[in-house]
Protein chains: 2
Amino acid sequence: MNDQNKNKNESWVQYISMSPPGLNDNTADVDRLTAQLKKQLDLQSIDMDRSLMVLLPQVLRKSNFNVRCVLFGSDNRYQLLDVQPSDDSLPVYGMAIDLGTTRVVSRLLDLCNQCTIIETTIDNPQGKIAPDVLARIHYTDQPGGLEHLQQLIIDGINGQIQQMCKTNQVDSAQIMCMSIAGNTCMTHLFSGLPPQSIIREPYIPVINQQMLLNASELGIQINPRAKIFVFPNIGSYFGGDLISGILALDMHHQTETSIMVDVGTNAEVVLGNKDWMIACAGAAGPALESGVSKIGMTAGPGAIERMKQDHDSFTWQTIDNEKPVGICGSGFIDLAAVLFQAKMLDIRGKFVPDQCKDRLLNIDDMMHFLVVPADISATGKDLTISQVDIDSLIRSKAAMYTILSTITQSVGMNLNDISKFYVAGTFGAYIDPASAITIGMIPDLPLNRYQSAGNTSIAGATRVLLSRKNIESVSEIHKHITYMELNVNQEFMNRFSAAKFLPHTDTTLFPSVKI
Amino acid sequence: MNDQNKNKNESWVQYISMSPPGLNDNTADVDRLTAQLKKQLDLQSIDMDRSLMVLLPQVLRKSNFNVRCVLFGSDNRYQLLDVQPSDDSLPVYGMAIDLGTTRVVSRLLDLCNQCTIIETTIDNPQGKIAPDVLARIHYTDQPGGLEHLQQLIIDGINGQIQQMCKTNQVDSAQIMCMSIAGNTCMTHLFSGLPPQSIIREPYIPVINQQMLLNASELGIQINPRAKIFVFPNIGSYFGGDLISGILALDMHHQTETSIMVDVGTNAEVVLGNKDWMIACAGAAGPALESGVSKIGMTAGPGAIERMKQDHDSFTWQTIDNEKPVGICGSGFIDLAAVLFQAKMLDIRGKFVPDQCKDRLLNIDDMMHFLVVPADISATGKDLTISQVDIDSLIRSKAAMYTILSTITQSVGMNLNDISKFYVAGTFGAYIDPASAITIGMIPDLPLNRYQSAGNTSIAGATRVLLSRKNIESVSEIHKHITYMELNVNQEFMNRFSAAKFLPHTDTTLFPSVKI
């Protein structure tokens, strides 16, 4: 079997030829089709809705028992979603969704040609009610709160569907399946499952297993028989978006050990290879997102995303080359690295007045470093970073490094043994690994081992719609992962304290960083 | 494990105790419950609707993780239908239905105490549109015909539900599951599946497999999450009512070989034991139902159900001891046996004028035998049987005997090897085996091997609601049965011709019949 046929065999769209019934072969219609499908695809079980059975006799006889089937499902238990005559069949679409707390990315896929047609991004409409996971869960404590949040995201996704279908002249009734990868809270809110226990000790989701939901029951406006695959979680703090990421990066097939890090308010980390996989999540602090320093912001037009030292002066680069408005995570890490290497920050991360000279300002009794003077900023005000902002960054980077070294040591490995270091998400797309190494946030590995992984969540969600093998991998990955609770015990705290220096108390861990 | 615990373990209502979650056991709610259920009941898979997941967190915490679950399903794949706190739970009901062409028998069952509460019977409301299978299928050829017939039976069953619930002060929302045993056409019409191919060569049902349908989708007014188990068919002419009958009689567990016969317009026969089972169906002719002779009728008040010879005169017994209106199948067989033994019928089944004397009347140029004179009949008219009626009965009894001997010989057995002979249905309840042997309709076995089996269809439908083991037996029986097409070839016709004598051309087959 060549690769193309292999891929065809992995598609959710399958062509089936049966011998027509006769007096010596009076197998019933449903039984005839499911038997042939099970044989052709080596399946354990295939189910069919009654509403499809009703249509089957006519389709089989009209097509002389040569039909095209659309399937979907997982764990070798599939649902037959549609049957049409082979010679006379309509396109089949799928929809992959990365359900982020902040943004929702949707992709319309052509399942026959196994390609993406269009991708759109919207702000998660639940953000209007409450910006983050915690606030949204609190909002569900009030009567109707859960239903309201669920309706907002359903409406948002329906809007994306409508827009993409209109632009591409696609009939939304031909979208037969959907995959949703999101963090545990977002998939609970999407599914209407009460999320309250997620944030309360002992932090219990309603469900960790993957789900196959009915589009019609949720009010998702695609084919009424369509099914929605919701990625499984590992726990309250390790969601389906990460499982989707592992799938996208193919970590579960690799012989060499790799690590994937997704950084937000929490750092989610998974380490492993084809034989084992260990995951953990820990608070990394808010320093790497917006909202800590006065000038901190998420990556957007005018955000300083990159800083360099050019002899005595600093140069920066903003998103869209606009006048600087603030600084995003990657710019902040660059800044700290630059200041440290210019000896303007000492190994404890404190401003060194002798080196900072007139860039150090005392504002409200606190030391501030002048990043961009008022006359060239977009705001007309000085853009400054305070000692408190730097302290916060140090704690975040120390937490990050401690989590990475803890998970690695838990399996008896050394950080140097990691052959590939994937940084997922927006953060991964902007961060300069050299700067992150300089401040001791990530291990001192050769730079070519670092790889920005992009939006692995949408990539994995896409994969399960393009291949049955990929959806089967999801439950394998899910079973495969050992979740490690990060015990914030004395040893962890000792490691954390040692990591609160630039780059680290043990400088031999960072040989490439010249101090 | 004693028998009572065994039975409890087989119930669809199960009590489950879980250890509550903690920081060292943060399994999600759904996963915790399904894992415990799978372990406790040794299940492969258990699914849960999203609408139940939504309720789960509160029920688990309110009950301190001690709950009562209601399950239903088959093939070791179950659906969790309800979860309530163990200490605080409502009754659970099920509904078993024998979906006959003529009559619909429904039983309301208490699934906690595993007993029947009430049984009701209605005429199948589809009978108003078309009396028999053939006419109903033809009716579905017209637009909306299938939907109309489906709605009639759904409404009929809903009426039974409503009445039984009202009488017994049961909340219909507490009926969580239903089982339906009927012939292939009736279950197709109930499920809204197009039945047209059932009666057209090569006679193909839409489905032979068992189904688990959603009550809400069909409009059956019980719990919206309730599931309906539809018994599988073997083919167009061997329906789920027979599978249900095999289950009820426990034929699939018996070491000795038994046979079950259900007689209507078709004779359906199944022969076998715990190791093998063979089935066939064949036209028995309408003589054993109503509608052939002018005085033929279905069993009802005033029908002659029993006839005997008392010296020179005949005595009869009518249903409800009313004045005779007509004669039903069992009475007709008795009559033929009596006439034959009185030598009023010869071995070809022809009236013997010398013996019949003045009871033989010539009406419209045809010989008629006077069964009941006008002065004592309920109609005020002579009740007579014509030579044509007798000829028709002879053909029916010959067909029956030929089918029985053909199926028995197909497995290399002799009719005498049958250790138990079950006669199902209303016919079985009334027929006198001695008379049927006398006319050579059924084999000349010791009378104690014959057993009237009653309504085995409702009995089997009840069984699957009372025990998981029984529902698992259904698919075992289904796989187990070999369906034999009755080839009406020269050999069959030879056998049929030999059986058209009273009792048979080969009188050594009927040693007990004194001629």
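Residues numbered from 1 in each chain as written. Chains lettered and ligands numbered in written order. Predicted model: local features only at pLDDT ≥ 70, side-chain atom pairs only at ≥ 80, totals over all residues. Heavy atoms only, no water.

**Q** Teacher, can you tell me more about the interface of chain B and chain A here?
**A** When the parts come together, some accessible area is lost, and that loss is often what is quoted as the size of the interface. Contacts between the two partners involve 40 residues from chain B, matched on the other side by 40 residues from chain A. Counting across the chain B and chain A interface gives four salt bridges. Linking E217(B) and R50(A) is a salt bridge whose minimum nitrogen-to-oxygen distance equals 3.1 Å. Counting across the interface, chain B meets chain A through 22 residue pairs in polar contact (both at pLDDT 80 or more). The set of elements that each furnish at least two residues to the side of chain B that touches chain A consists of α2 (29-41), β2 (45-48), α3 (50-62), β9 (211-214) and α7 (215-218) of chain B. Its residues placed into classes, the side of chain B that touches chain A shows 18 nonpolar, twelve polar and ten charged. (Contact = heavy atoms within 4.5 Å. Salt bridge = Lys/Arg side-chain N within 4 Å of Asp/Glu carboxyl O. Polar contact = N/O pair within 3.5 Å; in protein donor to acceptor, adjacent residues only side chain to side chain. Helix = DSSP H or I, 4+ residues; strand = E, 2+ residues; numbered from the N terminus. Nonpolar A, V, L, I, M, F, W, Y, C, P; charged D, E, K, R; others polar.)

**Q** Explain unusual backbone geometry to me, please; I cannot follow it from the model alone.
**A** In most cases, non-glycine residues show a negative phi, while peptide bonds are predominantly trans. Cis geometry is adopted by the peptide bond preceding P503(A), which originates at L502(A) and carries an omega value of -10°. Relative to the assigned elements, P503(A) resides in the segment after α16 (490-498). In this structure, the amide linkage connecting E201(B) to the following residue, P202(B), adopts the cis form with an omega of 0°. By secondary structure assignment, the location of P202(B) is in the loop between α6 (184-191) and β9. One non-glycine residue, D250(A), lies in positive phi territory at about 65°. Along the chain, D250(A) turns up in the loop between α8 (240-249) and β11 (258-263). On the accessibility criterion, D250(A) (24% relative accessible area) is partly exposed. (Buried < 20%, exposed > 50% of the residue type's maximum accessible area, 1.4 Å probe, protein only.)

**Q** Looking at this structure, how should I read the nonpolar core?
**A** One recurring pattern in soluble globular proteins is that nonpolar side chains are buried together. Counting residues in each nonpolar core, the largest one holds 100 residues, and the members touching the most others are L33(A), L80(A), I157(B), M178(B), F190(B), I220(B) and I228(B). The leading source of residues in this core is helix α5 (residues 145-167) of chain B, at nine residues. Leaving out residues up to four positions away in the same chain, L80(A) has contacts with L33(A), L37(A), I46(A), D47(A), M48(A), L52(A), C69(A), V70(A) and L71(A). Among the nonpolar cores identified, the runner-up in size contains 99 residues, and C165(A), V13(B), L71(B) and L109(B) belong to it. (Core = buried A, V, L, I, M, F, W, Y, C linked by side-chain atoms within 4.5 Å.)

**Q** Hey, could you run me through the packing of aromatic side chains in this one?
**A** Aromatic ring pairs are reported here in terms of the distance separating the ring centres and the angle at which the planes meet. Residues and elements named next belong to chain B. If you walk through the whole model with that rule in mind, you get 18 aromatic pairs over all chains. Judged by centre distance (6.1 Å) and plane angle (15°), the rings of F351 and F369 are stacked. Here F369 lies in strand β18 (residues 366-372) and F351 lies in the loop between α9 (329-341) and α10 (353-356), a separation of 18 residues in the sequence. You can call F351 buried: its relative accessible area is 8%. Between Y401 and F510 the ring centres are 5.5 Å apart and the planes differ by 45°, which places this aromatic pair in the tilted class. Of the two residues, Y401 sits in helix α11 (residues 387-410) while F510 sits in the segment after α16 (490-498), which places them 109 residues apart along the sequence. Since its relative accessible area comes to 5%, Y401 is described here as buried. According to the relative accessible area criterion, F510 is buried, its value standing at 2%. (Phe/Tyr/Trp six-rings, centres within 6.5 Å; stacked < 30°, edge-to-face > 60°.)

**Q** Got a minute to help me understand the packing of α9(B) against α11(B) in this structure?
**A** When two helices pack together, their arrangement is given by the angle between the helix axes and the distance between those axes. Residues and elements named next belong to chain B. In the contact formed by α9 and α11, the axes pass within 11 Å of each other and the chain directions differ by 100°. The angle between the axes of α9 and α11 places the two elements in the roughly perpendicular class. Together, F332, I333 and A336 of α9 and D389, I390 and L393 of α11 make up the contact between the two elements. (Axes fitted to C-alpha atoms, helices over the stretch in contact; angles between N-to-C directions. Parallel < 35°, antiparallel > 145°, perpendicular 65-115°, else oblique.)

**Q** Hey, could you run me through the pattern of salt bridges in this one?
**A** Side-chain pairing between opposite charges can occur once the charged atoms of the two side chains come close. All names here are of chain A. One pass over the structure, following the stated rule, counts 28 salt bridges over all chains. Salt-bridge contacts for D391 lead to K350; the nearest nitrogen and oxygen are separated by 3.1 Å. In this pair, D391 sits in helix α11 (residues 387-410) while K350 sits in the loop between α9 (329-341) and α10 (353-356), placing the two residues 41 residues apart along the sequence.

**Q** Looking at this structure, how should I read the sheet that holds β18(B)?
**A** All names here are of chain B. In spatial order, the strands read β17-β18-β19; together these three strands make up an open sheet with antiparallel pairing. Two strands bound the open sheet, and with one partner strand each, they are β17 (360-363) and β19 (383-386). Neighbour to neighbour, the strand axes of the sheet diverge by 45° on average, direction disregarded. With four bridges connecting them, β17 and β18 associate as antiparallel partners. Considered in β18, the bridge of L361 is made with H368. (Pairing = 2+ DSSP bridges.)

**Q** What exactly am I supposed to notice about the relation of the copies chain B and chain A here?
**A** Two copies of the chain are present, and they differ by a rotation about an axis and a shift along that axis. If you rotate chain B by 180° and push it 0.0 Å along the axis, it lands on chain A with an RMSD of 0.0 Å. Expressed as an axis order, the relation between the two copies is that of a two-fold axis. Every residue of chain B has its C-alpha some distance from the rotation axis, and the shortest such distance is that of R77(B), at 5.5 Å. An overlap of 100% is found between the interface residues of chain B and their copies at the interface of chain A, pointing to a shared contact surface. (Least-squares fit on C-alpha atoms with pLDDT ≥ 70 in both.)

**Q** Would you mind going over α6(B) with me for this structure?
**A** Every α-helix carries 3.6 residues per turn, so stepping three or four residues along brings you back to the same face. Residues and elements named next belong to chain B. Most of α6 sits out of view: eight of its eight residues are buried. If you check which residues of α6 are buried, you get T184, C185, M186, T187, H188, L189, F190 and S191. Its side-chain oxygen at 3.1 Å from the backbone nitrogen of C185, N183 defines the N-terminal cap of α6. Of the residues one or two after α6, G192 is the one with positive phi, at around 75°.

**Q** What am I meant to see in the packing of helix α5 (residues 145-167) of chain A against helix α6 (residues 184-191) of chain A here?
**A** Residues and elements named next belong to chain A. It is at 7 Å that the axes of α5 and α6 come closest, and there the two elements cross at 90°. When the axes of α5 and α6 are compared, the pair comes out roughly perpendicular. Here α5 contributes L146, L149, Q150, I153, I154 and I157 to the contact with α6, which in turn contributes L189, F190 and S191. Of the residues contributing to the contact of α5 with α6, the split by class is seven nonpolar, two polar and no charged.

**Q** Even after reading the chapter, I still don't get the environment of S435(A), so can you show me in this structure?
**A** Residues and elements named next belong to chain A. Mapped onto the elements of the fold, S435 is located in helix α13 (residues 433-438). C-alpha separation for the pair S435 and K308, spaced 127 residues apart in sequence, amounts to 9.8 Å. S435 has contacts with I333, D334 and A337, leaving out every residue within four places of it along the chain.

**Q** How should the sheet that holds strand β4 (residues 77-85) of chain A be read in this particular structure?
**A** Through backbone hydrogen bonds, the strands of a sheet pair up, either in parallel or in antiparallel fashion. Residues and elements named next belong to chain A. On the basis of which strands lie adjacent, the open sheet formed by four strands has the order β1-β3-β4-β2 and mixed pairing. Each edge of the open sheet carries a strand with a single partner, namely β1 (13-17) and β2 (45-48). Each neighbouring strand pair of the sheet contributes to a mean axis angle of 40°, computed without reference to strand direction. In terms of strand pairing, β2 meets β4 through four bridges, oriented parallel. Within the sheet, the bridge partner assigned to I46 lies in β4 and is Y78. Its contacts with the sheet put helix α2 (residues 29-41) on β1, β2, β3 (66-74) and β4, and the angle it makes with β1 is roughly 115°. Here helix α3 (residues 50-62) sits on the sheet and contacts β2, β3 and β4; the angle it forms with β4, its principal contact strand, is near 40°.

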